[in-house]
Amino acid sequence: MNIKKYFKREQSARKGLMAIEWVIIIYAALTLLIVLFGINKLQYPDAMIFDRLRMVAITLGMWAVYKLVPCRATRMLRVLMQFALIGWWYTDTYSINCLFPNLDHIFASLEQSLFGYQPSLIFCENYNQIWFSELMDMAYASYFPIIAVVTLYYFFKRYKEFERTSFIIIASFFAFYVIYAFVPVTGPMYYYKAVGLSEIAHGSFPAIGDYFNTHLDMLESPGYKDGIFYHIINNVHNAGERPTAAFPSSHVGISLICMILAWRSGSRRLFFILLPFAVLICFATVYIRAHYVIDVFAGLIFGVVYYVLWSSVAKRLKL
């Protein structure tokens, strides 16, 4: 590998912000308006306003670094910074959707109508073998590695399409986040805990209003509690999980987008290596009670829609 080319000054260095950076700025501005609109109902509005200004400042700071040293390495740093902040923006959706009443009772009721039971409740109970539990946790944990592998493949192998690829993934993330901000669905792990498993088992799905504004308790993740991947998922949930972002499943949607990008990269090896993980994620999200089955199907639909949408935008932007 020729390391020097990643630090060689780019002759056609982009003068302005990258498309992904405009996505972050536009999303920050949109959610800032929401914060200002609901400032009297939010718990920490001053911090939310400051954090948005900070995120924009970080974005502009990374752009300034690239201006000083315009090369592939600093361009990659700009992209990696935005990916690194995805987790913060995710938890922030919880702070925003606290403005609206919880909707889990609607989704759980619809789930019951479609299947006659709650798949998220039954799945892990019927398949509690150690190997299966670890398989599901491993699949769920593969989410960010899938994103990283696809993004890095384009950077190292198809650099001319790297910015386009990053834009499609990042823009899709924030399109999901817009929904999460306005559609407060927490998923089974939180809703089942709030109303009680006995109520759920008997087909009772009460509305709980703004319960999650003050309660962050969730069910303990099911499965083999001494498993390596179980502990990984449990630690991730304890570190940054919030009662938000269940519908539609971004795990499923973004994974599907990454699989489309992997296929379009021309590398069938890349595609078929990642395919089993992407497929298993659809089952794992239900198994660990992060999502309803409805969320999975919606994630697949939105994944296709977002890929087509942002690919079209990228084409117009000549990325």
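Look up: the structure comes first, before these words.
As the structure is a prediction and not an experimental result, all values here were calculated from the model.

A. Just the overall build of the protein chain, in detail. When its secondary structure is counted, the protein chain shows 15 helices and 0 strands. Here the protein chain has a C-alpha radius of gyration of 20 Å; the compact-globule value for 319 residues is 20 Å, and the two agree. With the C-alpha coordinates aligned to their principal axes, the bounding extent of the protein chain is approximately 65 × 50 × 35 Å. Partitioning the contacts of the protein chain with sequence separation of at least 6, the portion at a separation of at least 24 is 84%. For the protein chain, the accessible surface area stands at approximately 15,200 Å², while carbon and sulfur atoms represent 66% of it. With 27 positive and 19 negative side-chain charges, the protein chain shows a spacing of 22 Å between the two charge centroids.

B. Here's a closer look at helix α6 (residues 119–126). Residues of α6 that are buried: Pro119, Ser120, Leu121, Phe123 and Cys124. Buried residues in α6 make contact with α5 (104–115), α7 (130–141), α10 (188–195), α11 (197–201), α14 (268–287) and α15 (293–316).

C. Molecular detail of the side chain of Ser133. Positionally, Ser133 belongs in helix α7. Overall, the relative accessible area of 0% leaves Ser133 in the buried class.

D. Up close: the nonpolar core. Ranked by size, the top nonpolar core spans 88 residues in total, and within it Trp89, Phe167, Phe173, Phe174, Tyr177, Tyr191 and Ile254 carry the most contacts. Setting aside residues up to four positions removed in sequence, Phe173 forms contacts with Ile86, Tyr143, Phe144, Ile147 and Ile254. Ile34, Val35, Leu42 and Met48 belong to the second largest nonpolar core, which has 7 residues in total.

E. Layout of the pattern of salt bridges. In the structure shown here, the tally under the stated rule is 7 salt bridges. Glu163 is the partner of Arg75 in a salt bridge, and the nearest nitrogen-oxygen pair spans 3.1 Å. Separated by 88 residues along the polypeptide, Arg75 in helix α3 (residues 72–84) and Glu163 in helix α9 (residues 162–182) bring together distant segments of the chain. By the burial criterion, Arg75 is buried, and Glu163 matches it. What you see here is one network of salt bridges that share partners, running through Glu10, Arg75 and Glu163.

F. Region of the structure containing the side chain of Arg75. Since its relative accessible area comes to 7%, Arg75 is described here as buried. Residue contacts for Arg75: discarding those within four places in its chain leaves Glu10, Arg14, Met18, Tyr66, Tyr159 and Glu163.

About the criteria used
- Sequence order as written defines the numbering, with residues in each chain counted from 1.
- At least 70 in pLDDT is required for a residue's local features to be given in this predicted model, at least 80 for side-chain atom pairs to be given and counted, and no such filter applies to totals for whole chains, interfaces and linings, which use all residues.
- Side-chain metrics in this entry use all non-hydrogen atoms of the structure; hydrogen atoms and water are not considered.
- Under the scheme used here, helices are H or I runs from DSSP no shorter than 4 residues and strands are E runs no shorter than 2 residues, and both carry numbers assigned from the N terminus.
- Atoms considered for the radius of gyration are the C-alpha atoms alone. The globule rule reads 2.2 Å times the number of residues to the power 0.38.
- Pairs of residues are marked as contacts when any of their non-hydrogen atoms sit within 4.5 Å.
- Residue burial considers only the protein chains on display, and all accessible areas are found by Shrake-Rupley using a 1.4 Å probe.
- Charged residues are defined narrowly, with Lys and Arg counted positive, Asp and Glu counted negative, and His plus the chain ends left uncounted.
- For the purpose of locating charges, the reference atoms are NZ of Lys, CZ of Arg, CG of Asp and CD of Glu.
- Partly exposed describes any residue whose relative accessible area lies between the buried limit of under 20% and the exposed limit of over 50%, with all areas from a 1.4 Å probe on protein chains only and scaled to the type maximum.
- To qualify as a nonpolar core, a set must consist of buried Ala, Val, Leu, Ile, Met, Phe, Trp, Tyr and Cys residues joined through side-chain atoms within 4.5 Å.
- Just to be clear on terms, a salt bridge is a Lys or Arg side-chain nitrogen sitting within 4 Å of an Asp or Glu carboxyl oxygen.

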